[in-house]
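# Structural characterization, general
Listed below, chain by chain, are the residues.
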Amino acid sequence: MAEKAATMPAAGSIRGWSAIIACAVIGVAVFAAFLVADFPYSDTLTSMLAPYQLKLTYQSQHLSPPIGATLTDVRLFSTAGINDEALLQSPAVTLAPTLAALLLGRRGMHVHAELYGGMVHVAIYQHADNVDLKFNLDSLKLGERPPLRQLGVILNGDLSGAGTAHIAGPKLPDDRAAVALTGDNLAFSVVRGFPAIHLGTLTGNLQLDRGAIKLTDIVAHGADLDLKGAGTIELG
């Protein structure tokens, strides 16, 4: 009987600590819910884009559980020129703040966008006047890319990739990027009416640095040709 009584305070102590932990978890959850609900999703992304002469518009915004908001009919414009055509457009873009943005007030955002039949995932981190990006491209349908058709290039196939970028300003010589790309069922035609050239599968790496694009390890295997190459494109 004495032995049983000796264990009762320990059991009561455990129940007390369990109640305290449960209350703490509930409090943190409620606090996080208020932070997420009040976070200025679109305003934060707009302010991050403005220094690079970019503007974002959208039709509507609603919360996207567990953390984030979804924007519909999203369009990205350049404010640098007189052309008012959208650079990119997406039926839906989901935004979620980084943990540092929620707790420390640092500018950071996770972006998930439906784009050209595929998905784009981007993590954006802003430090002073610079922006660092980590991104993944998942099965973008190149045939749905209107700007390429306006240039006279007919390009089809799926494009995926992953990379990073450091953006210091709106001018390319100030920026850096590295991307590993893969393509599937690729085909292109430069002149309308002529048969498309089938590249098939393609892999390669692209680096942007000091106003030059360096292409390395470009390999393609298709019905019309096998291609291996590398080179540098100097941007004016």
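Here, every reference points to the structure presented above.
Presented here is a report on the structure given in the accompanying data block. Worth saying up front: this structure is predicted, and the values here are computed from it rather than measured. (Residues numbered from 1 in each chain as written. Predicted model: local features only at pLDDT ≥ 70, side-chain atom pairs only at ≥ 80, totals over all residues. Heavy atoms only, no water.)

To continue, consider the overall build of the protein chain. Helix and strand counts for the protein chain come out as four helices and 12 strands. For the protein chain, with 236 residues in total, the buried portion stands at 30%. Within the protein chain, contacts between residues at least 6 apart in sequence are counted, and of these 38% link residues at least 24 apart. (Helix = DSSP H or I, 4+ residues; strand = E, 2+ residues; numbered from the N terminus. Buried < 20%, exposed > 50% of the residue type's maximum accessible area, 1.4 Å probe, protein only. Contact = heavy atoms within 4.5 Å.)

Time to look at the environment of Ala 196. Here Ala 196 is to be found in the loop between strand 9 (176-189) and strand 10 (197-209). The class of Ala 196 is partly exposed, set by a relative accessible area of 34%. Sequence separation between Ala 196 and Leu 186 is 10 residues; the distance between their C-alpha atoms is 9.8 Å. Aside from chain neighbours lying at most four places away, what touches Ala 196 is Ala 187, Phe 188, Ser 189 and Asp 224.

A few words on the side chain of Thr 70. Following the sequence through the fold, Thr 70 ends up in strand 3 (residues 69-78). For Thr 70, the side chain forms a polar contact with the side chain of Thr 94, separated by 3.3 Å. Non-local contacts of Thr 70, meaning those with residues more than four positions away in its chain, are made with Ser 60, Gln 61, His 62, Ser 64, Ala 92, Val 93 and Thr 94. (Polar contact = N/O pair within 3.5 Å; in protein donor to acceptor, adjacent residues only side chain to side chain.)

We now examine unusual backbone geometry. We note that Asp 73 has phi near 50 degrees; this positive angle belongs to a residue other than glycine. Tracing the backbone shows Asp 73 in strand 3. Of note, the phi angle at Asp 217 is positive, near 55 degrees, even though the residue is not glycine. Mapping Asp 217 onto the fold places it in strand 11 (residues 212-221). By relative accessible area, which is 53% here, Asp 217 ends up exposed.

Before going further, it helps to examine the side chain of Asp 175. Along the polypeptide, Asp 175 turns up in the loop between strand 8 (154-167) and strand 9. A polar contact is formed between the side chain of Asp 175 and the backbone nitrogen of Ala 168, at a distance of 2.8 Å. Residue contacts for Asp 175: discarding those within four places in its chain leaves His 166, Ile 167, Ala 168, Gly 169, Leu 208, Asp 209 and Arg 210.

Before going further, it helps to spend a moment on the packing of aromatic side chains. Per the counting criterion, the structure on display carries zero aromatic pairs. The ring of Phe 77 is capped by Lys 55, whose NZ or CZ atom sits 5.6 Å from the centre of that ring. (Phe/Tyr/Trp six-rings, centres within 6.5 Å; stacked < 30°, edge-to-face > 60°. Lys NZ or Arg CZ within 6 Å of the ring centre and 35° of its normal.)

Turning our eyes to something else, we now look at the pairing of strand 11. Of the strand pairs in this sheet, strand 10 and strand 11 are connected by eight bridges, and their pairing is antiparallel. Its bridge partner being in strand 11, Leu 202 is matched across the sheet by Ala 220. Linking strand 10 back to strand 11 in an antiparallel pair, the connection comprises two residues, with Arg 210 at a positive phi of about 55 degrees. Pairing of strand 11 with strand 12 (residues 226-234), which is carried by eight bridges, proceeds in the antiparallel orientation. Following the sheet pairing, His 221 is matched in strand 12 by Asp 226. Hairpin geometry of strand 11 and strand 12 is characterised by an intervening segment of four residues between the two adjacent antiparallel strands. (Pairing = 2+ DSSP bridges.)

Remember, this is a structural readout, not a statement about activity or role.
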